[in-house]
Amino acid sequence: MAERFEHLRAALGQVQGYIYPNEIELHWGLLVVLYPYITGLVAGAFILASLAKVFRVQEVVPTYRLALLTALSFLLVAPLPLLAHLGRPERSFEIFLTPHFKSAMAMFGFVYAWYLMLVLLLEIWFEYRADLVRWSQKERGLRRIVHWVLSLGSRSLAPEAIAFDKKAVYAITLVGIPSAFLLHGYVGFIFGSVKANPWWSSVLMPIVFLFSAIVSGIAMVLLLYYLTTLLRRRELDMKCLDKLASFLLYALIVDLSLETLDFIHRLYESEESIKILATLIFSKLFMSLTIVQILIGTIAPLLLLAGARFSSLPPELKRVAYFIAALLVQVGIFSTRWNVVIGGQLFSKSLRGLTAYKLELGGIEGLFTALALLVLPFVILFVLLKILPPWPEARADAEIGPPAPATTTSVGPGHETAKDATVV
Amino acid sequence: MPEDTTRREMLGRFAQFPCAAMLLACCGPLASIAGATERKYNAKDHYYGMGIQVDRCIGCGRCVEACKAENGVPRQPFYFRTWIERYQIRAGGEVTVDSPEGGINSFPATEEDKDVLRSFFVPKLCNHCDNPPCVQVCPVGATFKSQDGVVLVDKDYCIGCRYCIQACPYGARYLDPRTATADKCTFCYHRITKGLLPACVEACPTGARVFGELKTLASPLRRMMRMSKLTVLKPSLNTEPKVFYSDLDGEVR
Amino acid sequence: MRLGVLGLVGIAAMLYARHRFVPATFGETGHYRAAAVDAVASGKIQYAGAAVCAECHDDVAGKKAASYHRTLSCEICHGAAARHAEDPEAQKPVVPRERGAACLYCHEYLPSRPTGFPQIIERLHNPVKPCIGCHDPHDPKPSQVPESCSACHAQIYRTKAVSPHANLSCETCHAVDPRHRQEPRAFLPKKPTDREFCGRCHSKEAPGDREIPRIDLTTHGGRYLCWQCHYPHFPES
């Protein structure tokens, strides 16, 4: 505890202007920045998956199963930063026992459980069921047992069963889209409904959160598809990448428009808080907002994507541009979360002062914990990819069953087919 | 209280008789303890509020000290259930606000400043709102408004998510470092339910803090509400605070 | 079908958990544990309150009740004493005797304090001597009647002292009953009521130094009284 007092004493020296005495301790730190970032990835990856199943965008079908598994890996990690952040994590079950329905945060238990159980796990189960049956029939040893358990003993490969699986997947995805919106939207509402904080309090907050989520989710699946395909030494489906890049571009444009709208609206209304918020943006948040979030995280990938997508560059160059853009987007969306969560606590509710946030390296709220929590989903994904491989070749091993969607090899440089021309 | 005055008068009269005086002096404290346990406290009969007369505050900080001593609030200058702010308003419109360690050791002297038009002290504390945003956002029901209008924290149920601390527009809450749960002013609930005054009201030497019932007829608070023009902090947020300020300057946030 | 079974098992488990683990008094008076109210109400009392002290220390209390410190609670200077009230020998309250142990929190000069409150500048006012050497804390009268208004109106005095009115004594404009120094609120000083008062120095016809700014009393300032624009304690020049 003495260490914490030392930090707070140091923070006192960094205060500019006046803050309420209790505000010296910044309560929602890096762990709370992580949570919306992670659930954003979940929601975004799921929306991408729904593009394949519900909106029948054929080009992105190769990423469908990967997107589902990505969503699952991140969803499993999502409660961990929250749990680590609680003052009394051993009492966290109270949110399930006596949820206070007037509080947006009480939704967490239900939205999370609903989304995890009913949407994601169910959908994955139905999508993989036929393969699980086949795998457990053909394999031996541990893999066979694991797949048999996962299939819950289901045996049927009859056409009716397969058709039911498809219908179930469609229905679940349909329900899953608003569920994904809710999963991440409620986090936006948690911030947007705090009337005490003029930086957070905004009708647009859930919408902005959602679109940032879609952007980061699509970018993450793009990155993972790129990396896993290269690691498996397969050909990248250029049409798929182009489509992903298109959707990423559109989502980025909407995201940027929403953020710009919020900015213009604040300036125009010029409420009481505008002075301290302007000071905040131009001093404490200048680097993370103007430089990292806007320039590096939004404008640069937007230009890269638009430029690469609609140019006549060779595919090898295009996809490198997509990759870099997707990476920049991750940085941008993370800094968006940072600017919302930390930014909202850097100024005083007296509207007369600014304080500072000191990021620790170690400790439960430290950088190392955050990095570990960021790496963990990839570890889980690695395991999932081994158990439930989404690759077409894993399905192609099956003797019976519908043909896997054809992996089109990338066409030669500068060669545009009629099909490509219609894909926008 | 009428009973005490009578007791004091009686003591005075019997002072000539040392034995009687000694006896009665010993009975005094016993009598007050007995009186306190006579009536069982019924929360439904009470509804508390506080008044602050800003023109009377001398910024001595005795209230901040008394609060920390009475309630065992951590002594470090990062945790306050109540604090004092000093405002200095200059001719050009510039306002300086400070609260060194919450005002617990009063304030350091400042140089005479010809530009200062108005300067004063403002005590702050939890406003025990009637429409409390902190209660609204608690995900588990660990903070609540009691039947007698006092907003309390159940520190055996709080999970330490700190949403209430974010939701309070007045900066009245903090996280107790010893229990990792939210904490704040309780209007000295353990005192007022026994007919005593909150420690800060007890401590104030000038009567700047006034405590009382909002619904009964005669109380110092009722009188203040009749005689002064009252304001509350951040009325536009519609939290319906129950701490009423008189002579509050418009620059106070 | 399997999934349905799993689902039912899950729901049953949740319902059982809610029944078993929700705390006993939860929900009785609202969405909280009713027992929490009693938990808060059973806190330990540290300050006994001024009324309790008077029950044993009636002589001191009686003297204090007629003095300037009548609204100052005993425990503010002597510390929390509820334990002492229960068992006088178990805890002895502190007795602040040193200079600055208790008195300066209120009486050290701060320009922000409201006017009329007695203040001293510690380093100038009888340095080194303890406050209680001259002032009885239970009946704090100044050891002599204050000569200067600055004893209670220091901020105004010091503001005026660097203004063009520095050489004017307070009595020049304020008619002060001599009893005001001992019973301030009972004998309030008077203030000027008309423009002619200031005109005695500031009108064009008035005698006095040529440096005094002069105005035409009939036209200057319309129907306003002088101090409705000019601050007499620091008049702008």
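Bear in mind that the values here come from a model prediction, so they are computed numbers and not experimental data.

1. A closer look at the overall build of chain C
Okay, step 1: Check the secondary structure of chain C and you find ten helices and zero strands.
Okay, step 2: Ordered by position from the N terminus, the helices and strands of chain C form the series α-α-α-α-α-α-α-α-α-α.
Okay, step 3: Taken over the C-alpha trace, chain C has a radius of gyration of 32 Å; the compact-globule value for 237 residues is 18 Å, which it surpasses by more than 25%.
Okay, step 4: Within chain C, buried positions represent 20% of all 237 residues.
Okay, step 5: In chain C, the share of contacts with a sequence separation of at least 24, taken over all contacts with a separation of at least 6, comes to 49%.

2. A word on the overall build of chain A
Okay, step 1: The number of helices and strands found in chain A is 16 helices and two strands.
Okay, step 2: Since a compact globule built from 424 residues should have a radius of gyration of about 22 Å, the 23 Å found for chain A is in line with a globular shape.
Okay, step 3: Reported as C-alpha extents along the three principal axes, the dimensions of chain A are approximately 70 × 55 × 35 Å.
Okay, step 4: The buried share of chain A, reckoned over its 424 residues, is 46%.
Okay, step 5: Expressed as a percentage of contacts within chain A between residues at least 6 apart in sequence, the contacts between residues at least 24 apart total 80%.

3. What to know about the nonpolar core
Okay, step 1: Grouped together as the largest cluster of nonpolar side chains are 214 residues, with contacts concentrated most on A:Val42, A:Ile218 and A:Leu248.
Okay, step 2: Other than its neighbours up to four places away in sequence, A:Leu248 contacts A:Val215, A:Ile218, A:Ala219, A:Leu222 and A:Leu305.

4. Looking at the domain arrangement of chain A
The extent of an interface is frequently quoted as the accessible surface area lost upon association of the parts.
Residue and element names in this part refer to chain A.
Okay, step 1: Looking at the assigned domains, one finds that chain A contains domain 1 (32-193 + 360-397) and domain 2 (222-357).
Okay, step 2: Centre-to-centre separation of domain 1 and domain 2, based on C-alpha positions: 24 Å.
Okay, step 3: Between domain 1 and domain 2, the contact holds 15 residues from the first and 17 residues from the second.
Okay, step 4: Put simply, the parts of the chain that give the side of domain 1 that touches domain 2 at least two residues each are helix 2 (30-53) and helix 3 (64-77).
Okay, step 5: Top contributing element to the side of domain 1 that touches domain 2 by residue count: helix 2, with six residues.

5. Notes on the confidence of the model for chain A
Okay, step 1: Across chain A, the average pLDDT comes to 89, with 93% of residues at 70 or higher.
Okay, step 2: Considering only residues more than four positions removed or in separate chains, one finds that residues 406-424 of chain A, a stretch of pLDDT under 50, has 22 contacts.

6. Brief notes about the environment of A:Val149
Okay, step 1: Tracing the backbone through its elements, the reader meets A:Val149 in helix 7 (residues 141-150).
Okay, step 2: Separated by 234 residues in the primary sequence, A:Val149 and A:Val383 place their C-alpha atoms 16 Å from one another.

7. Digging into the interface of chain C and chain B
Okay, step 1: Of the residues lining the interface, 40 residues belong to chain C; the matching set on chain B comes to 52 residues.
Okay, step 2: Looking at the side of chain C that touches chain B residue by residue, the classes come out as 24 nonpolar, ten polar and six charged.

8. Here's the deal with the domain arrangement of chain C
Residues and elements named next belong to chain C.
Okay, step 1: Split by domain assignment, chain C resolves into domain 1 (47-95) and domain 2 (96-167).
Okay, step 2: For domain 1 versus domain 2, the separation of C-alpha centres amounts to 25 Å.
Okay, step 3: The partner domain 2 presents seven residues to the nine residues of domain 1 that form the contact.
Okay, step 4: Per-element accounting of the side of domain 1 that touches domain 2 gives the leading share, three residues, to helix 4 (residues 58-65).
Okay, step 5: Taken together, the residues of the side of domain 1 that touches domain 2 break down into five nonpolar, two polar and two charged.

9. Considering the sheet that holds strand 4 (residues 116-125) of chain B
All names here are of chain B.
Okay, step 1: In space, the three strands of this open sheet follow the order 3-2-4, with antiparallel pairing throughout. Edge positions in the sheet fall to strand 3 (95-98) and strand 4, since each has one partner strand and no second. Here the strands of the sheet are splayed against their neighbours by 20° on average, with no regard to which way each runs.
Okay, step 2: The pairing of strand 2 (residues 82-90) with strand 4 spans nine bridges and is antiparallel. Each bridged residue has a counterpart across the sheet, and for Arg90 the counterpart in strand 4 is Val116.

10. Thoughts on helix 8 (residues 159-192) of chain A
Okay, step 1: With 34 residues, helix 8 of chain A extends 48 Å between its outermost C-alpha atoms, agreeing within 8% with the 50 Å of an ideal straight helix rising 1.5 Å per residue.
Okay, step 2: Along helix 8 of chain A, the largest kink reaches about 30° and is centred on A:Ile177; proline A:Pro178 follows within four residues of it.

11. Notes on the pairing of strand 1 (residues 48-53) of chain B
All names here are of chain B.
Okay, step 1: Counting buried positions along strand 1 gives six out of six residues, so the element sits mostly inside the fold.
Okay, step 2: Burial along strand 1 is two-sided: the face carrying Tyr48, Met50 and Ile52 and the face carrying Gly49, Gly51 and Gln53 are both buried.
Okay, step 3: Pairing analysis gives five bridges linking strand 1 to strand 9 (residues 209-213), with the strands arranged antiparallel. In the strand pairing of strand 9, Ile52 is matched with Arg209.
Okay, step 4: Pairing between strand 1 and strand 11 (residues 243-246): four bridges, direction parallel. The residue of strand 11 that forms the bridge with Ile52 is Tyr245.

12. Details of unusual backbone geometry
Residues and elements named next belong to chain B.
Okay, step 1: In the Ramachandran plot, Glu101 falls in the positive-phi region, its phi being about 50° despite a non-glycine side chain.
Okay, step 2: By secondary structure assignment, the location of Glu101 is in the loop between strand 3 and strand 4.
Okay, step 3: For Phe187, which is not glycine, the phi torsion reads 60° and is therefore positive.
Okay, step 4: In this structure Phe187 comes out as buried when scored by C-beta crowding, with 28 C-beta atoms within 10 Å.

13. With respect to the pairing of strand 2 of chain B
Residues and elements named next belong to chain B.
Okay, step 1: Burial analysis of strand 2 places seven of its nine residues in the buried class, which makes it a mostly covered element.
Okay, step 2: Relative to strand 3, strand 2 runs antiparallel, the two being bridged by four bridges. Residue Tyr87 lies in a different strand from strand 3, and its bridge partner there is Val97.
Okay, step 3: The antiparallel hairpin formed by strand 2 and strand 3 contains four residues in its connecting segment, where Gly93 sits at a positive phi of about 100°.

14. Some thoughts on the environment of A:Leu118
Residues and elements named next belong to chain A.
Okay, step 1: Note on placement: Leu118 falls in helix 6 (residues 107-138).
Okay, step 2: Overall, Leu118 belongs to the partly exposed group, with 16 C-beta atoms counted inside 10 Å.
Okay, step 3: It is 36 Å that separates the C-alpha atoms of Leu118 and Leu26, two residues lying 92 residues apart in sequence.

15. Some details on the sheet that holds strand 11 of chain B
Residues and elements named next belong to chain B.
Okay, step 1: Strand order across the open sheet formed by four strands is 9-1-11-10, with mixed pairing between neighbours. Two strands bound the open sheet, and with one partner strand each, they are strand 9 and strand 10 (230-231).
Okay, step 2: Contacting strand 1, strand 9, strand 10 and strand 11, helix 8 (residues 220-227) runs over the sheet at an angle of about 110° to strand 9.

16. Some thoughts on the environment of A:Leu76
Okay, step 1: Following the sequence through the fold, A:Leu76 ends up in helix 3.
Okay, step 2: In this structure the C-alpha to C-alpha distance between A:Leu76 and A:Phe55, which are 21 residues apart in sequence, comes to 26 Å.

17. Observations concerning the packing of helix 3 of chain A against helix 6 of chain A
Residue and element names in this part refer to chain A.
Okay, step 1: Taken N-terminus to C-terminus, the directions of helix 3 and helix 6 make an angle of 145°; their axes are 11 Å apart at the nearest point. The handedness of the crossing between helix 3 and helix 6 comes out as left-handed. Taking contact as the criterion, the partners of Arg65, Leu68, Ala71, Leu72 and Leu75 in helix 3 are, on helix 6, Leu116, Leu120, Glu123, Ile124 and Glu127.

18. Description of the confidence of the model for chain C
Okay, step 1: Scored by pLDDT, chain C comes out at a mean of 90, with 100% of its residues at no less than 70.
Okay, step 2: On the interface metric, ipTM, the complex scores 0.88, and its pTM is 0.88.

Thresholds applied
Residues numbered from 1 in each chain as written. Chains lettered and ligands numbered in written order. Predicted model: local features only at pLDDT ≥ 70, side-chain atom pairs only at ≥ 80, totals over all residues. Helix = DSSP H or I, 4+ residues; strand = E, 2+ residues; numbered from the N terminus. Rg over C-alpha atoms; globule rule 2.2 N^0.38 Å. Buried ≥ 20, exposed ≤ 12 C-beta atoms within 10 Å, placed from the backbone. Contact = placed C-beta atoms within 7 Å. Core = buried A, V, L, I, M, F, W, Y, C linked by C-beta atoms within 7 Å. Domains from an automatic or database assignment. pLDDT = per-residue confidence, 0-100. Nonpolar A, V, L, I, M, F, W, Y, C, P; charged D, E, K, R; others polar. Pairing = 2+ DSSP bridges. Axes fitted to C-alpha atoms, helices over the stretch in contact; angles between N-to-C directions. Expected span 1.5 Å × (residues − 1). Bend = angle between axes of the 7 residues up to and from the residue. Left-handed = near helix turned anticlockwise from the far one by under 90°.

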